[in-house]
Amino acid sequence: MKKQFLKTAGIPFAVMLAGYFLLVFVDLMPTAWIEKNVRRSSQILLKEGAYPAIFLRGTFLDNYTDADCIAIVYNKKSGNPFFNAIKAFHRGVDGMHAGSIEGLDSSLNGTWACEGDHSYLWHGFQIWLRPLLTGFNISEIRGFHFVITILLSTIVCLLLNGIRKSNLAFLPFIVAFTFFFFQLESLCLLFYNDFLVMLIGCIALLLLIQHNKNCVEEVFPAAGSAVAFTSMLIMPLLTLGFPLIIYASVKQFNSEKEKIRKILRCIVSWCWGYAVTMASKILLTLILLRDSGGILRLSIYGGISRHPGGRNINLFQRFDRLIKVFSLIGPIRIFLIVLLLCLCIICIFVKSKDGKCRKTISTVWPFLVIAIFPCLWCFFFAGHAGHGWTCFNFSISVFALMEIVYQCIKNGDNRLCRR
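As the structure is a computational prediction, the values presented were derived from the model and not from experiment.

Caption draft 1: Expanded view of the overall build of the chain. A tally of helices and strands in the chain yields 18 helices and 4 strands. Residue burial in the chain is summarised as follows: out of 419 residues, 53% are buried. Intrachain contacts of the chain at a sequence separation of at least 6 include 76% that bridge at least 24 residues. In the form shown here, the chain has an accessible surface area of approximately 19400 Å², with 66% of it arising from carbon and sulfur atoms.

Set out below in structure tokens:
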């Protein structure tokens, strides 16, 4: 048990070491190799605008953040590859467009006037973005992302069907994944990391379960560490919620006690991996870059900052922010969630012949708990809740509720409430 604990606890450190090694490696590539496609990408972003709508209604391309990512990949301050690897800064213009699509263009043409730094929040995406920019511009990279996402999603669906031996086994996953009528190429470069880590984590879990491996729980600290290394505080919860639902629904547990223990261990392991990696980024910025922005930014996001740019958010204000985030989902989709919740209640409480209702807690409680994760996330990080991407976390709730319905239908012969 002690050996297993030490192994799990050490996973985030192994992921971090591998990540920083890869960051240094890609920073050894000459910037001249990517300059041509960076300039092409800058012109594409300028032409499209900051948040252009695309084919499906309600979707958008976050060119503002894409420009930040490309600027971070392009702008390097020194010849020291390790310093460049841990310092994710960009150059831009003054005012509200600093670091945006206009900022990327200004830094390319030597007219930049200010600098921004995201070293403490996100820099790991450079591992794949810098090599891709040697041969592709932003439009081509988006197409590549689209193909990869479709491929990984298909693999998840096939593995779910193979393990459950059912042609409908993938429905809860695919419904949740497309709940926001989300066109996959609308993912910006930064938040694509969250979906990538989530999909790879789901595939790893399903493969380990399929081959009866005993290291299933170790996927969670690795996922938490990887998403903290590459992303920020908006959507990393997807990398816990989706794999945890799959784990709770596919893994065979010997007892209710074992189920509780292992699910709690997975949650704690993911949080441990996420916290350790985020802490390493903040410490590096404090010690090597002499920048205290990381701690300040986290306090602002948490709504507990006394900084002039921050805001103290009390208990009641946090609930208001939560309602605001939930309202971003849209009235039709909120109605679908409520309808799905009602269907779950009907499925959970099945009337027996004598008129009594018996709860199927042992089967559905993990999914009910996981369904409230997005609410908890928005509550604790209220200072950043309300961002246009935050509501995507509620796809976790949809997945959990869909899984309850699937479990009830699958066990319809037993009624889940044994008479």
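Don't stop here, the text continues.
Caption draft 2: Summary view of helix α13 (residues 293-301). Along α13, the residues classified as buried are Gly293, Gly294, Ser299, Ile300 and Tyr301. Of the surrounding elements, those touching the buried residues of α13 are α12 (256-287) and α17 (373-380). Of the residues trailing α13, Gly303 is marked for its positive phi of about 75 degrees.

Caption draft 3: Structural detail: the state of the cysteines. Inspection of the entire model under this criterion finds 0 disulfides. Unpaired in terms of disulfides, Cys378 finds its nearest cysteine sulfur in Cys375, a separation of 7.1 Å.

Caption draft 4: Examining the packing of aromatic side chains more closely. In the structure shown here, the tally under the stated rule is 19 aromatic pairs. Considering the side-chain rings of Phe173 and Phe177, the 5.7 Å spacing of their centres and the 15 degrees angle between planes classify their relative orientation as stacked. Linking Phe173 with Phe177, this pair stays in helix α8 (residues 171-177), spanning 4 residues, or about one helical turn. Accessibility assignment for this pair places Phe173 and Phe177 in one class, buried. Centre to centre, the rings of Phe242 and Phe399 are 5.0 Å apart; their planes meet at 45 degrees, and the pair counts as tilted. Linking Phe242 in helix α11 (residues 238-250) with Phe399 in helix α18 (residues 395-410), this pair joins segments that are 157 residues apart in sequence. Its relative accessible area of 1% is what places Phe242 among the buried residues.

Analysis parameters
Residues numbered from 1 in each chain as written. Predicted model: local features only at pLDDT ≥ 70, side-chain atom pairs only at ≥ 80, totals over all residues. Heavy atoms only, no water. Helix = DSSP H or I, 4+ residues; strand = E, 2+ residues; numbered from the N terminus. Buried < 20%, exposed > 50% of the residue type's maximum accessible area, 1.4 Å probe, protein only. Contact = heavy atoms within 4.5 Å. Areas by Shrake-Rupley, 256 points an atom, 1.4 Å probe, with all protein chains shown as cover. Disulfide = S-S within 2.5 Å. Phe/Tyr/Trp six-rings, centres within 6.5 Å; stacked < 30°, edge-to-face > 60°.

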